[in-house]
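Coordinates in review
In case you want the letters, here they are:
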Amino acid sequence: SAFAPVFYEILPPLAPLAGLKQNHPRHLYDAYTHTVQAVQAAPPDKIIRLAVLLHDTGKAACKTTDLQGVDHFYGHPSVSRQLAESCLKALRLDSRTIQRVETLVEYHDAVIPATPAAVRRWLNRLGEEDFRALLAVKRADRAATRFTPEDFQELDRLGTLLDQTLAQ
């Protein structure tokens, strides 16, 4: 879009995502387009939208291509977390916002089994507010990829288990 160069001035970590191919069965778009689509799918919450905006910024630095020509981005969540932190500090956001966004970026790709024990573990690690925010980040991320209805049902199950755990 015509606004992209302005975004890159304000949010430099987004620039390397432009045109970054993601040749992977799960992906439909280059990394920048995926990010834009994911932000559009995110709820109107500042923390969640900032996390979704910055969740894949580490992909350019982490991209590898296997012998079958499939792209992988191993380790990109922690690189994205570091980029998000420096970007948000440069924008002078408050430390609580930065910390929450960093946490969501770090864990956006974490596999959380839909079991009561796993939900309790993640609830202890994140607290209710950030666990719910993480589920929203995961949902927005998946909405901008080639995920199946089952993938969203898994997030629904995690939300239900979270509600049940808190009710107990």
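Below, the structure is looked at part by part. Predicted model only: the values in this text are computed from it and were never measured.

1. Describing the overall build of the protein chain
Along the protein chain, the regular secondary structure elements total eight helices and two strands. If you list the helices and strands of the protein chain from N to C, you get α-α-α-α-β-β-α-α-α-α. On C-alpha atoms alone, the protein chain measures out to a radius of gyration of 16 Å, which is about the 15 Å that the 2.2 N^0.38 rule sets for 168 residues. With the C-alpha coordinates of the protein chain rotated into their principal frame, the extents come out at 50 × 45 × 25 Å. By the burial criterion, 43% of the 168 residues in the protein chain qualify as buried. When contacts within the protein chain are restricted to residue pairs at least 6 apart in sequence, long-range pairs at least 24 apart make up 60% of them. On the protein chain, roughly 8,800 Å² of surface is accessible, and the fraction owed to carbon and sulfur atoms is 55%. Side chains of the protein chain give 20 positive and 20 negative charges; the mean places of these two sets differ by 2 Å.

2. Here's the deal with the packing of aromatic side chains
Counted according to the given criterion, the structure contains two aromatic pairs. When the centroid spacing of 5.8 Å and the interplanar angle of 80° are considered together, the rings of Tyr8 and Tyr32 count as edge-to-face. On the criterion of sequence distance, the pair formed by Tyr8 in helix H1 (residues 4-10) and Tyr32 in helix H2 (residues 31-41) is long-range, its members being 24 residues apart. Where Tyr107 meets Trp122, the ring centres are 5.0 Å apart and the plane angle is 90°; that geometry is what we call edge-to-face.

3. Side note on unusual backbone geometry
Positive phi, normally seen in glycine, also occurs at Arg92, with a value near 60°. Note that Arg92 resides in the loop between helix H5 (76-90) and helix H6 (95-107).

4. As for helix H8 (residues 149-167)
Look at H8: 27 Å from first C-alpha to last across 19 residues, which is about the 27 Å you get at 1.5 Å a residue. Among the residues making up H8, those that are buried are Asp151, Leu155, Leu158, Gly159, Leu161, Leu162 and Thr165. Within H8, the buried residues cover an arc of 160° as seen down the axis, which keeps them to one side. Exposed residues on H8 whose side chains face more than 90 degrees from its buried face are Pro149 and Ala167. In this fold, the buried residues of H8 make contact with helix H7 (116-143).

5. Here we look at the environment of Asp130
Position of Asp130 among the secondary structure elements: in helix H7. Note: C-alpha distance between Asp130 and Thr33 (97 residues apart in sequence) is 26 Å. Beyond its immediate chain neighbours, meaning those up to four positions away, Asp130 contacts Arg100 and Leu104.

Reading the values: rules and limits
Along each chain, residues carry numbers from 1 onward, in the same order as the chain's sequence is written. Only residues with pLDDT of at least 70 get local features here, since the model is predicted, and only at 80 or more are side-chain atom pairs given and counted; chain-wide, interface and lining totals rely on the full set of residues. Water and hydrogen atoms play no part in the side-chain values, which are based on all heavy atoms of the structure. Helix and strand assignments come from DSSP, with helices taken as H or I runs of at least 4 residues and strands as E runs of at least 2, each series counted from the N terminus. What the globule rule says is 2.2 Å times the number of residues to the power 0.38, and the radius of gyration is computed from C-alpha atoms. Per-residue accessibility, obtained with a 1.4 Å probe over protein chains only, is compared with the maximum for each type, and a residue is labelled buried under 20%, exposed over 50%, and partly exposed between these values. Every residue pair with non-hydrogen atoms within 4.5 Å of one another is taken to be in contact. In this description, accessible areas are obtained by the Shrake-Rupley approach with a 1.4 Å probe, and a residue is regarded as covered only by the protein chains that are shown. Just so you know, the count uses Lys and Arg for positive and Asp and Glu for negative, and it drops His and the chain ends. Think of each charge as sitting on NZ of Lys, CZ of Arg, CG of Asp or CD of Glu. Pairs were defined over the aromatic rings of Phe, Tyr and Trp, the Trp ring being its six-membered one, requiring ring centres within 6.5 Å. Orientation was assigned from the angle between planes: stacked under 30 degrees, edge-to-face over 60, tilted for the rest. Helix span, expected: 1.5 Å multiplied by one less than the number of residues in the helix. Here, the arc refers to the directions that run from the helix axis to the C-beta atoms.

Treat this as a map of the structure, not an account of what it does.
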